[in-house]
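Each chain is listed here by its residues.
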Amino acid sequence: MHILIVEDDRKTAAYLRKGLTENGFVVDVADKGEDGLFLARTGDYDLIILDVMLPEQDGWSVMAGIHQSGKPVPVLFLTARDSVQDRVKGLELGADDYLVKPFAFSELLARIHSILRRGPGRNADILRITDLEIDLPRHRAMRGGKRLDLTPKEFALLSFLARRTGEVLSRTLISEQVWDMNFDSDTNVVDVAIRRLRRKVDDPFDKKLIHTVRGVGYVLEDR
Amino acid sequence: MFLKTAEETKDRRPAWTRPGGWSITGRLTVLYTLSTVGMFLVATGLLYWVLVSDLEKADKQFLNDKIRVLRAILREHPDKAEGLEEEVSSAGAYDVRVLDQEKRVLIETPGMVYILPVPLFPAPIGPNEMPVAGVKWKSSRGRSYRVVSAWAEVGRSIQNQRLLQVALDITSEQTLIIGYRRRLMVALLGGILFSAGSGIAVARRGMRPVKEITQTAERITAAQLHERIDPARWPKELTALATAFDQMLDRLQESFTRLSRFSADLAHELRTPIHNLMGEAEVALSRNRAPEEYREVLESSLEEFAKLSRMIDGLLFLARAENPECTIERQTVEARKEIETVADFHDAVAKEQGIEIACEGAASLSADPILLRRALSNLLSNALQYTPRGGRIVVSARPVADLGVEIRVKDTGSGIAPEHLPKIFDRFYRADSARSPFPQGFGLGLAIVKSIMDLHGGAVAIQSEPSKGTTVTLTFSSPS
């Protein structure tokens, strides 16, 4: 997977490149809007991460230029101002998603995965991770052949983790996707919900599937 | 909202009636002087008029008497010339002339012809007409006269008539009147000057309290916000101003205190995590360690950073909400649905703590759904923190007549002591930070709830009774 980062802040660009490279992406960085637009037009990218606050040619015009070139490449834009107008403008210009600076890296990673996954396919009805089996249409989860007794929200939480297996999911993303709570909250609700889910999914079994990544979030995977 | 063009704002009233044109002292002085001068003018004018008309009346009376006497002489003694001669020659202040029907002078006061020639007399009145007013005349030598002429019968015959011309010297009267007028003018001028002077003094004296209030106000700085004007010291008219000013100072002082406490709290809240970060990093770097230990430090730092980042987000939210340009995206939402969504979110925590959350009522309102959920979530999170096991939290919505929609979050928790209630919506204010079982909060939750309600033009109220429970009421006004 090939990602282009257009970002003028060197430190941000450096850690994004490092983090994304370590997560298996091939990363190019442009620190000017002009260079970014040139690379986007000539190169073959799966995703462009675009900062809208660029010197000289700003992100909006880069975005417009990318779309004029007729390449159907998804764009995720980064903005420091989280005003509604900015978001609306970006999405109207054809961006696929946005993140407000400062953001957690895990958050960015999750959004990149979700944009790249939007293509056709990969919508399996039954998810299997080792001996865990989730039947999405029937809202049923089994582990080791035994049916797990989950509340609807617990099932939603488990299937969200399972669908993104191997990805570290932040608390913010979890509360947004599972409970539709689109704001950062100080509460430990997600931790408590995960603790309760673990009691049903992991505690009766030797092999643990739900792991805590300290300071970042949670991941469901076969370790 | 209502932008005025330069033309519209231009006040066309004269400067002294326009607020902000002249000083109050100037205006008071002018008005005071004008009214005194007016009074003076009326009084002196009246006096002058009375004097002049009295003198005139006396003159006319005298002239009429003279005509009457002359007519009587001519009627009763047409043959004797002595009576007439006596009248004509004995004249002191007046001159008399008698003419026949052809206007030939029969007899006159000696020298009269040089001063008062025949033609200057007005048209005579008939022989039986009375009284006669006459006219004023000024001679070339500067003497003033009142002159009359009248026909008189000689004997009882109507055919034989004489023309009487009488002139009264009124020079001394005129001199008196002119002198009087001059003295009145002097008095008037003096009066105007005096009243203008005293007007300034009176106005200045009257305005002195305003000046003193200004001086008191000037003394007040951020460091002396405790100073007050004290309404009791001022005249009645200024008490309202002084009271309003003191109240404004009260509010300012309170905001100021809140603001400085907020800064202090902010510094304190920032200091703890930053010291933790520094300390951990320092200790970690003090010697070589295994990779797991470094990892441990980084993870711990990440937790602290996340905490700081959330706190800054909260503060930014509050700062943005205070910006008057900040607007919200309203839509019609079903309160019950939002309440249930939020209750669902907190369900895991409630179950873990053995607390029941009940949702009641229904209402639809116009609000930003994300902000509404955030407010409700903060309230529920607080309620869960302070409600003991086995407790119950009721979140209810109901339409209120004329007021819009009311959403209540009622718990059976530990409650809040009354002394904390007024400050409970302040940033970083925590009623009992030490006893809080969940130290992850920053004390911004209720401040955020309040600013969300402010953004909606609504209100938040809190009632609490220690050890019985707390009720927070959100009131959304109906969209107008």
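Conventions used here
Residues numbered from 1 in each chain as written. Chains lettered and ligands numbered in written order. Predicted model: local features only at pLDDT ≥ 70, side-chain atom pairs only at ≥ 80, totals over all residues. Heavy atoms only, no water. Helix = DSSP H or I, 4+ residues; strand = E, 2+ residues; numbered from the N terminus. Buried < 20%, exposed > 50% of the residue type's maximum accessible area, 1.4 Å probe, protein only. Contact = heavy atoms within 4.5 Å. Areas by Shrake-Rupley, 256 points an atom, 1.4 Å probe, with all protein chains shown as cover. Patch = residues over 30% accessible without salt bridge, like charges linked within 9 Å, V, L, I, M, F, W, Y side chains within 5 Å. Salt bridge = Lys/Arg side-chain N within 4 Å of Asp/Glu carboxyl O. Core = buried A, V, L, I, M, F, W, Y, C linked by side-chain atoms within 4.5 Å. Buried area = accessible area lost by both parts, 1.4 Å probe. Domains from an automatic or database assignment. Polar contact = N/O pair within 3.5 Å; in protein donor to acceptor, adjacent residues only side chain to side chain. Nonpolar A, V, L, I, M, F, W, Y, C, P; charged D, E, K, R; others polar. Axes fitted to C-alpha atoms, helices over the stretch in contact; angles between N-to-C directions. Parallel < 35°, antiparallel > 145°, perpendicular 65-115°, else oblique. Left-handed = near helix turned anticlockwise from the far one by under 90°. Pairing = 2+ DSSP bridges.

Chemist: I'd love a proper account of the overall build of chain A, names of residues and values included.
Modeler: Broken down by element type, chain A carries 8 helices and 12 strands. Its C-alpha atoms put chain A at 60 × 35 × 30 Å along the principal axes. Of all 223 residues assigned to chain A, the portion counted as buried reaches 47%. When contacts within chain A are restricted to residue pairs at least 6 apart in sequence, long-range pairs at least 24 apart make up 57% of them. In the structure as shown, chain A presents an accessible area of about 10800 Å², 49% of it carried by carbon and sulfur atoms.

Chemist: Describe a nonpolar patch on the surface, naming the residues involved and giving the relevant values.
Modeler: The grouping of B:Leu46, B:Trp49 and B:Val50 at the surface amounts to a nonpolar patch, some 330 Å² of accessible area in total. Residue classification places B:Trp49 among the exposed residues on the basis of a relative accessible area of 57%.

Chemist: Lay out the nonpolar core with the relevant residues and their values.
Modeler: Counting 89 residues, the largest nonpolar core has A:Leu158, A:Ile174, B:Ile407 and B:Leu474 as its most contacted members. Sorting elements by how many residues they give to this core places helix α10 (residues 369–386) of chain B first, with 8 residues. Setting aside its immediate chain neighbours within four residues, A:Ile174 contacts A:Leu157, A:Phe160, A:Leu161, A:Leu169, A:Trp179, A:Val190 and A:Tyr218. Formed by 20 residues, the second largest nonpolar core is a distinct cluster that contains B:Leu74, B:Tyr94, B:Ile125 and B:Ala152.

Chemist: Describe the environment of A:Met63, naming the residues involved and giving the relevant values.
Modeler: Residue and element names in this part refer to chain A. The residue Met-63 is located in helix α3 (residues 59–68) in this model. A residue is classified by how much of its surface remains accessible, and Met-63, at 0% relative accessible area, is buried. It is 8.9 Å that separates the C-alpha atoms of Met-63 and Val-52, two residues lying 11 residues apart in sequence. Those residues in contact with Met-63, other than ones at most four positions away along the chain, are Leu-50, Val-75, Phe-77, Gly-90, Leu-93 and Ala-95.

Chemist: I'd like to hear about the interface of chain A and chain B, residue by residue, with values.
Modeler: Every contact between the two is made by 24 residues of chain A and, on the other side, 27 residues of chain B. Contact between chain A and chain B buries roughly 2500 Å² in total, counting both sides, with carbon and sulfur atoms accounting for 56%. It is A:Phe183, A:Asp186 and A:Arg214 in chain A that bury the most area against chain B; as a group they hold 28% of the surface buried on that side. Run the count over chain A and chain B and you get 8 salt bridges. When the shortest N-O distance is used, the salt bridge between B:Glu303 and A:Arg214 registers 2.9 Å.

Chemist: Which residues make up the domain arrangement of chain A, and what are the values?
Modeler: How big an interface is tends to be reported as the loss of accessible area on association of its parts. Residues and elements named next belong to chain A. Here chain A is partitioned into domain 1 (2–117) and domain 2 (126–220). Inter-centroid distance (C-alpha atoms) of domain 1 to domain 2 is 30 Å. Of the residues lining the interface, 7 residues belong to domain 1; the matching set on domain 2 comes to 8 residues. Connecting domain 1 to domain 2 are 1 salt bridge. Along the contact surface separating domain 1 from domain 2 lie 2 residue pairs in polar contact (both at pLDDT 80 or more). Of the residues that constitute the side of domain 1 that touches domain 2, the class distribution is 1 nonpolar, 3 polar and 3 charged.

Chemist: Give me the lowdown on the packing of helix α6 (residues 152–163) of chain A against helix α7 (residues 171–179) of chain A, citing residues and values where you can.
Modeler: Residues and elements named next belong to chain A. At their nearest, the axes of α6 and α7 sit 10 Å apart, and the two run at 125° to each other. Relative to α7, the element α6 lies oblique. The handedness of the crossing between α6 and α7 comes out as right-handed. Here Lys-153, Ala-156, Leu-157, Phe-160 and Leu-161 of α6 lie close against α7, whose contacting residues are Leu-173, Ile-174, Gln-177, Val-178 and Trp-179. Taken together, the residues of the contact of α6 with α7 sort by class into 8 nonpolar, 1 polar and 1 charged.

Chemist: Give me the sheet that holds strand β10 (residues 169–170) of chain A: which residues, what numbers.
Modeler: One key point about sheets: their strands pair by backbone hydrogen bonds, in either a parallel or an antiparallel sense. All names here are of chain A. Taken in spatial order, the 3 strands line up as β10-β12-β11 in an open sheet, and their pairing is antiparallel. This sheet does not close on itself; its edge strands, each paired only once, are β10 and β11 (210–213). Two strands pair when backbone bridges link them, and β11 and strand β12 (residues 217–220) are joined in this way by 4 bridges, in the antiparallel orientation. Residue Val-213 lies in a different strand from β12, and its bridge partner there is Gly-217. Its contacts with the sheet place α6 against β10, β11 and β12, and it is angled at close to 75° to β12.

Chemist: Can you tell me about the pairing of strand β10 (residues 404–411) of chain B, naming the residues and giving the values?
Modeler: The side chains of a regular strand alternate, residue by residue, between the two faces of the sheet. All names here are of chain B. The buried fraction of β10 amounts to 6 of the 8 residues, a majority that puts the element mostly inside the structure. Alignment of strand β9 (residues 392–400) against β10, held across 8 bridges, turns out to be antiparallel. Within β10, the position partnered with Ile-393 by the bridge is Asp-411. Bridging between β10 and strand β12 (residues 469–476) involves 6 bridges; their strand directions are antiparallel. Of the residues in β12, the one forming a bridge with Lys-410 is Thr-471.

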